[in-house]
Every structure is written in structure tokens, then in C-alpha cells.
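# A structural walkthrough
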Amino acid sequence: MTQDSRLPFLPFALPEIGEEEIAEVVETLRSGWITTGPKAKRFEAAFAEYLGGAPGELHAIAVNSATAGLHLALEALGIGPGDEVITTTYTFTATAEVARYLGADVVLVDIDPATLNIDPRAVEAAITPRTKALLPVHYAGLAADMPALLDIARRHGLKVVEDAAHALPTTVQGQLVGTLGSDATVFSFYANKTMTTGEGGMLVTRDAALAERARVMRLHGMNRDAFDRFTAKVPSWYYEIVAPGFKYNLTDIAAALGLHQLRRVDGFQRRRAEIAARYNEALAALPLQTPPDAPAGDLHAWHLYAVRLTEAASVGRDAVIERLFEAGIGCSVHYIPLHLHPYWRDRYQLSPAQFPHSQRAYETIISLPLYTRMCDADVERVIDALRRILG
Ligand SMILES: *Cc1c(COP(=O)(O)O)cnc(C)c1O
């Protein structure tokens, strides 16, 4: 039995919820308005302001998950049966499933092995007359090659929706993801993301028509939301249904968390980057490939810290995860690529040989704990355990 196993278990991820968040939630509960209302509106305004959008120019639409936001974005862009959406196999299924909700087909492509982000050359090779949109993911919080992807989209007349579930805050040439010029960008506030509302997301767009459609479809296809109706100067029970919409609104209870998490998100990023830098330094001597940093001057959100075992490692990936677990340390694998999941594999007759870089990454990768509530001793404990296992 190792000494570490007598320490409390170090989970793979933990949210950091402060007293301000708790007080705001309690205040919301006491206020009499707990669903979408004044706090969700304030959260949307604060989010657009955080990204640096001039009021009315950058629209932020709060939703109950990033999955909902991605669905709304593709729906508003008119994606439907007969259309193809190109995305990476190296992602969570939410990125791709939303295209299937709309009856469109998903075309999965391989990654750049250096960044684990979607490979623009693979995207270009996958374009057909049916291609309507590109759906890049900023893996781990490192920006995908957006200049190349936006250029491809421009040349082929395609829409671009960014899955920015890992990418708050991430920059490209100094510009925050969310302001890069794609049609829509969607952030996640799931419990383990870089800021959280428990469950939640934000759809961001400069396109006023897209924003209007997403707002209506977020709440049953209703042309006025409940807060508008019940708080208008002249109370009104009247509304119209203009489409068969969804139930994707964010509650004020969740928005109360978001208002305070957003204020802390830059500090959270600094702590995450500090932990990543310590891992980079300490793990360089082990048979591990450490993850790439953002280019100089740019921000990496560091949602994930994923290392890859090199050929020199004497222990396999699964055994390393098992031994870390025995040492009381939680890890994960991001991702089991979509082409290996029965639904995607069978639907599109996919095989690992079509995605050699994603397949290789999957077989060797381990996500280590990386979150703001880790103290320096927690970080050293992970490093020491890896040294014992791999040294
Ligand atoms: C977390 C995540 C999502 C889904 O976010 P939800 O808010 O849970 O819907 C989508 N894509 C990626 C890459 C994610 O990591």
C-alpha cells in the first residue's frame, strides 16, 4: 500500500463555488423569481460585455446546456435533412449529435496530432456539394486553427459554429473565442467546465437574425418570454407560438451562479495556467508528451491537461490510470473518439484506419486533474505518483 492511498481521494474535477455564488442563489430563491428572468438577462449582458462586444452588436443567449446552444445555432442556420456538417471525431458526442437532431448528416474528420484539434486539410478534403457547416472544437481550451477554418468556410460558402465548451477564456491573435467572426460560438457551464452554473451554456453571435431565431426557439417558439409578459408595464397574458420550439432556457438560479463565476473566470484561468506550467516542467523528464501551450501572447483556457504516453513508457495507458487510482488520484480520457462509439461507427460505417491520429491519441492519452481548488501539494502528489509509476 502506498502512502498516498491514505490521503483523501483527489477527484479528477471539482467546481469552485464561493460564498458570493451561494448568497446570490439564496437571494434568488427568496426573490420570488426563480426561472428565466432578471438574473438571466443580467448574465447575458455581462457575458457579452466580458467578450468585449459593443451593446447590441454581440448577442449572448443563455441556455440550459451547450448542447442546447449548439442545437439552436444549427437550427437557426437552417441546417436540415440532406445537409452535411463537418466536425472532429476527437470530441464529445454532443458536438455531433445536434446535427442528427435536425436530420443532417455528420462527416467526421481527423485531427492535427500536435494540437488534437480538427485538421483544416482534412476538413477541406471532406467538403462535398452537400456540406453546409463546419463545427470546430477548441480541444482542452487550445484554439483550433480558426484563421484556416474561416478561410475554408469563406471560399466554400459554409457556416461556422464553434463548440467553445472548453474555451473560456481562449484567444486567437489576441481575440477572445466568441468574437472571431464565425456565425455562432457556444460555451458550456457544465459542472466541470472552466466556469459553471451546474448545467448551462451561452450561445454568442453577431448575427441579429440568428439571435432572434435562437431566442424564440429557446422557449417553445414563443414570441415573448414569461418574464416579459408578467413584468410588462401593462400586464399581458397574450403570446403567439410561431414555431415548434424547445425548452432550453437558463433559470435565474443558475444565472445567479453564472454572474459570480464570470467575474472570477480570468483568475480561474491564471490558476489553471499555473498548474499546467508546473505539470509541464515536472513531467518533461518522464516518458510523456505534455500538451502544447497557446502561441506566445495568446490564452489557453486549460479546461483539460492531457498527457500522452510515449513509446518509451514501460506501462500501458490503462495500467497508468489504474495505478493513479490506487494512489487515490482520479483521471479521465478525453476522448473516446466518436468513430469508436457504436452509434457513430454503425451509422457511417467508420473504422479506426480512417482516423489514424485520433486513434493513436486515444490509445495513449490521460487527462490529469486540473482545477482551481487543487492546492500546490495536490499538484505535487499527482507528479510524484506519475514519477513512481513511470520513472
Ligand atoms: C461539455 C461539452 C459539451 C456539452 O456541454 P453541455 O453544457 O454539457 O451540454 C459539448 N462539447 C464539448 C467538447 C464538451 O466538452
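Conventions used here
- Residues numbered from 1 in each chain as written.
- Predicted model: local features only at pLDDT ≥ 70, side-chain atom pairs only at ≥ 80, totals over all residues.
- Heavy atoms only, no water.
- Helix = DSSP H or I, 4+ residues; strand = E, 2+ residues; numbered from the N terminus.
- Rg over C-alpha atoms; globule rule 2.2 N^0.38 Å.
- Buried < 20%, exposed > 50% of the residue type's maximum accessible area, 1.4 Å probe, protein only.
- Contact = heavy atoms within 4.5 Å.
- Areas by Shrake-Rupley, 256 points an atom, 1.4 Å probe, with all protein chains shown as cover.
- Lys, Arg positive; Asp, Glu negative; His and termini not counted.
- Charge placed at Lys NZ, Arg CZ, Asp CG, Glu CD.
- Pairing = 2+ DSSP bridges.
- Axes fitted to C-alpha atoms, helices over the stretch in contact; angles between N-to-C directions.
- Near = heavy atom within 4 Å.
- Polar contact = N/O pair within 3.5 Å; in protein donor to acceptor, adjacent residues only side chain to side chain.
- 1 Å grid on protein atoms, 1.4 Å probe; cavity = no way out; pocket = protein on both sides within 12 Å on 5 of 7 lines; lining within 4 Å.
- Sits in = over half its atoms within 2 Å of the grid points.
- Nonpolar A, V, L, I, M, F, W, Y, C, P; charged D, E, K, R; others polar.
- Domains from an automatic or database assignment.
- Salt bridge = Lys/Arg side-chain N within 4 Å of Asp/Glu carboxyl O.
- UniProt positions renumbered as here; feature names shortened; annotations may be inferred.

Where an unreviewed UniProt entry is consulted, the protein chain appears under the name Pyridoxal phosphate-dependent aminotransferase, with the organism given as Caldimonas brevitalea.

Next up on the list: the overall build of the protein chain. What the protein chain contains, in helices and strands, is 13 helices and twelve strands. Taking 21 Å as the expected radius of gyration for a compact globule of 391 residues, we find that the protein chain reaches 22 Å, a close match to that expectation. In terms of overall dimensions, the protein chain has C-alpha extents of about 70 × 55 × 40 Å along its principal axes. Burial statistics for the protein chain: of 391 residues in total, 55% are counted as buried. Put simply, 73% of the contacts in the protein chain that link residues at least 6 apart link residues at least 24 apart. Roughly 16,600 Å² of accessible area belongs to the protein chain as shown, and the carbon and sulfur atoms make up 55% of that amount. Placing the 37 positive and 46 negative side-chain charges of the protein chain at their respective mean positions leaves the two points 3 Å apart.

On to the sheet that holds strand β10 (residues 288-289), then. Pairing between the strands of a sheet comes from backbone hydrogen bonds, and it takes one of two forms, parallel or antiparallel. Read across the sheet, three strands follow the order β10-β11-β12 without closing on themselves; strand pairing throughout is antiparallel. Each having just a single partner strand, β10 and β12 (365-368) make up the two edges of the open sheet. As paired strands, β10 and strand β11 (residues 305-309) are joined by two bridges and run antiparallel to one another. In the sheet register, L288 faces β11, and the bridge partner there is L309. Along the sheet, helix α9 (residues 252-283) makes contact with β10, β11 and β12, crossing β11 at roughly 15 degrees. Seen against the sheet, helix α10 (residues 317-326) touches β11 and β12 and runs at an angle of roughly 25 degrees to β12.

Moving on, we come to the site of the ligand. Looking at the ligand, there are 15 residues lining it, with T67, D163, H166, S188 and K193 nearest. H166 is positioned with one of its side-chain polar atoms (N or O) 2.7 Å from an oxygen atom of the ligand. K193 places a polar side-chain atom, nitrogen or oxygen, 3.1 Å from an oxygen atom of the ligand. Here the ligand, which alone exposes 390 Å², has 92% of that area covered by the protein. Most atoms of the ligand, that is more than half of them, are within 2 Å of grid points of the largest pocket. For the shell around the ligand, the secondary structure elements donating two or more residues are α3 (66-76) and α4 (93-101). Looking at the shell around the ligand residue by residue, the classes come out as six nonpolar, seven polar and two charged.

Take the domain arrangement of the protein chain next. Per the domain assignment, the segments making up the protein chain are domain 1 (19-262) and domain 2 (265-390). For domain 1 and domain 2, the distance between their C-alpha centres works out to 26 Å. In this assembly, 40 residues from domain 1 lie in contact with 36 residues from domain 2. At the boundary of domain 1 with domain 2, the tally comes to one salt bridge. One salt bridge in this structure joins D105 and R347, with 3.5 Å as the shortest N-O distance. Along the contact surface separating domain 1 from domain 2 lie 25 residue pairs in polar contact (both at pLDDT 80 or more). At the level of elements, α4, β3 (105-109), β6 (171-172) and α9 are the ones that each hand at least two residues to the side of domain 1 that touches domain 2. For the side of domain 1 that touches domain 2, the per-class residue count stands at 21 nonpolar, 14 polar and five charged.

Quick look at the UniProt feature "modified residue: N6-(pyridoxal phosphate)lysine" (unreviewed entry) in the protein chain now. Those residues carrying the UniProt feature "modified residue: N6-(pyridoxal phosphate)lysine" (unreviewed entry) are K193 in this numbering. On the accessibility criterion, K193 (17% relative accessible area) is buried. Among residues more than four places away in sequence, those in contact with K193 are A165, H166, S188, R272 and H303.

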